[in-house]
Amino acid sequence: ETGVTQSPTHLIKTRGQQVTLRCSSQSGHNTVSWYQQALGQGPQFIFQYYREEENGRGNFPPRFSGLQFPNYSSELNVNALELDDSALYLCASSFLTGEGYTFGSGTRLTVV
Amino acid sequence: GQNIDQPTEMTATEGAIVQINCTYQTSGFNGLFWYQQHAGEAPTFLSYNVLDGLEEKGRFSSFLSRSKGYSYLLLKELQMKDSASYLCAVRDRTDKLIFGTGTRLQVFP
């Protein structure tokens with residue numbers, strides 16, 4: 001098992017810019033989900049991908065988009081960054097309906 | 001709406017027992033998870049309950065009552081390294097995880 005890896009670990013962007021965050025799923029997992037965690041809060045569900053299709057979305061605007069690739073790695077894209085987008089972004093991989101979600105260490109995004 | 005409630009902060013003494021409660025109202029229920037998260041790090045899996053009752057794993061136990069929408073995480077023989085945030089999360093009928101805000105536990109010597 002290689003675990004879930006995310007890149008980059010830290011990122012500073014300017015308001016209005018676009019950002020792409022990356023996630024490599026744990027070997028054998030077919031589902032990836034993304035979460036936004038503001039300081040002092042629990043993670044908030046952004047969306048989930050299963051076999052390259054989005055199969056669930058939280059209460060986030062369309063400027064948050066994603067992709068899952070055939071090797072089950074994934075990207076989170078955020079357009080037109082706002083100051084409130086500053087947060088820790090977590091990726092988690094799993095089997096659909098499985099017991100275990102394995103989280104990556106996250107990407108700390110700061111928008112200035 | 002979907003709602004998960006847990007206390008914001010708790011304190012306890014090294015060697016003691018602490019119980020962290022979680023109540024939930026969600027669109028369907030496909031299991032409840034507890035995660036531990038140290039500051040600036042990823043959540044790490046502690047326990048999973050899908051049926052009523054108690055699940056025990058070493059110093060950690062988790063209890064679920066689906067009829068009451070209630071769970072607790074029990075930590076025994078507390079150690080300083082147990083100081084962390086503890087996240088309760090429910091998988092709803094669309095298989096997404098809904099998290100509470102987390103309970104920050106501080107363990108004192």
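Read on for a plain summary of the structure. What you are looking at is a predicted structure, and each value in this text was computed from that prediction instead of being measured.

Digging into the packing of aromatic side chains
- The full count for this structure, using the stated rule, is 17 aromatic pairs over all chains.
- Ring centres of B:Tyr24 and B:Phe29 lie 5.2 Å apart, and the angle between their planes is 15 degrees; on these two criteria the pair is classed as stacked.
- Look at B:Tyr24 and you get buried, because its relative accessible area is 10%.
- The structure contains a cluster of three or more aromatic residues connected by ring pairs, namely A:Tyr35, A:Phe45, A:Tyr101, A:Phe103, B:Phe33, B:Tyr35, B:Phe45, B:Tyr48 and B:Phe99.

Quick look at the side chain of B:Ser62
Residue and element names in this part refer to chain B.
- Summarising the element assignment, Ser-62 is placed in strand 7 (residues 60-65).
- Given the relative accessible area of 0%, Ser-62 is considered buried.
- Of note is the side chain of Ser-62, whose polar atom sits 3.1 Å from the side chain of Ser-47.
- Polar contacts involving the side chain of Ser-62 include one to the side chain of Asn-49, which spans 2.6 Å.

Points about the pairing of strand 9 (residues 84-91) of chain B
All names here are of chain B.
- Burial analysis of strand 9 places 7 of its 8 residues in the buried class, which makes it a mostly covered element.
- Judged from the 6 bridges that link them, strand 4 (residues 32-37) and strand 9 form a sheet pairing that is antiparallel. Within the sheet, the bridge partner assigned to Phe-33 lies in strand 9 and is Ala-89.
- Of the strand pairs in this sheet, strand 9 and strand 10 (residues 97-99) are connected by 3 bridges, and their pairing is antiparallel. Its bridge partner lying in strand 10, Arg-91 is registered against Leu-97.
- Counted between consecutive antiparallel strands, the loop separating strand 9 from strand 10 contains 5 residues, among which Asp-95 sits at a positive phi close to 65 degrees.

Overview of the pattern of salt bridges
Residues and elements named next belong to chain B.
- Within this structure, the stated rule accounts for 9 salt bridges over all chains.
- The shortest N-O distance in the salt bridge between Arg-104 and Glu-9 comes to 2.7 Å. In this pair, Arg-104 sits in strand 11 (residues 103-108) while Glu-9 sits in strand 2 (residues 9-13), placing the two residues 95 residues apart along the sequence.
- Looking at Arg-104, the relative accessible area reads 44%, which means it is partly exposed.

Brief notes about the interface of chain B and chain A
- Taken together, the contact pairs 16 residues of chain B with 20 residues of chain A.
- Roughly 1500 Å² is buried in total at the junction of chain B and chain A, and carbon and sulfur atoms are behind 56% of that figure.
- When the buried area of chain B at its contact with chain A is split by residue, B:Asp95, B:Leu97 and B:Phe99 rank highest and sum to 29% of it.
- At the surface where chain B touches chain A, the tally comes to 0 salt bridges.
- Secondary-structure elements contributing two or more residues to the side of chain B that touches chain A are strand 4, strand 5 (44-49), strand 9 and strand 10 of chain B.
- When residues in the side of chain B that touches chain A are grouped by element, the largest group, 3 residues, is from strand 4 of chain B.
- Residues belonging to the side of chain B that touches chain A are distributed by class as follows: 9 nonpolar, 4 polar and 3 charged.

Some thoughts on the pairing of strand 9 (residues 87-94) of chain A
Residue and element names in this part refer to chain A.
- The element strand 9 is largely enclosed, with a buried count of 8 among its 8 residues.
- Bridging between strand 4 (residues 31-37) and strand 9 involves 7 bridges; their strand directions are antiparallel. Directly across from Gln-37, in strand 9, lies its bridge partner Leu-88.
- Note that strand 9 and strand 11 (residues 107-111) share 3 bridges and pair antiparallel. Paired with Ala-87 across the two strands is Leu-109, which belongs to strand 11.

Overview of the environment of A:Ser24
All names here are of chain A.
- With respect to the helices, strands and loops of the structure, Ser-24 is situated in strand 3 (residues 19-24).
- Note on Ser-24: relative accessible area 35%, which makes it partly exposed.
- For Ser-24 and Gly-3, which are 21 residues apart along the polypeptide, the C-alpha to C-alpha distance reads 8.3 Å.

So, the nonpolar core
- By size, the foremost hydrophobic cluster in this structure holds 21 residues, and its most contacted members are B:Trp34, B:Leu75, B:Tyr86 and B:Leu105.
- Contributing elements (two or more residues each) for this core: strand 3 (18-25), strand 4, strand 7, strand 8 (70-75), strand 9 and strand 11 of chain B.
- Beyond its immediate sequence surroundings of up to four residues, B:Leu75 is in contact with B:Ala16, B:Ile17, B:Val18, B:Ile20, B:Arg59, B:Phe60, B:Asp82, B:Tyr86 and B:Leu105.
- Listed in part, the 20 residues of the second largest apolar core include A:Val19, A:Val32, A:Trp34 and A:Val78.

Reading guide: rules and limits
- Residues numbered from 1 in each chain as written.
- Chains lettered and ligands numbered in written order.
- Predicted model: local features only at pLDDT ≥ 70, side-chain atom pairs only at ≥ 80, totals over all residues.
- Heavy atoms only, no water.
- Phe/Tyr/Trp six-rings, centres within 6.5 Å; stacked < 30°, edge-to-face > 60°.
- Buried < 20%, exposed > 50% of the residue type's maximum accessible area, 1.4 Å probe, protein only.
- Helix = DSSP H or I, 4+ residues; strand = E, 2+ residues; numbered from the N terminus.
- Polar contact = N/O pair within 3.5 Å; in protein donor to acceptor, adjacent residues only side chain to side chain.
- Pairing = 2+ DSSP bridges.
- Salt bridge = Lys/Arg side-chain N within 4 Å of Asp/Glu carboxyl O.
- Contact = heavy atoms within 4.5 Å.
- Buried area = accessible area lost by both parts, 1.4 Å probe.
- Nonpolar A, V, L, I, M, F, W, Y, C, P; charged D, E, K, R; others polar.
- Core = buried A, V, L, I, M, F, W, Y, C linked by side-chain atoms within 4.5 Å.

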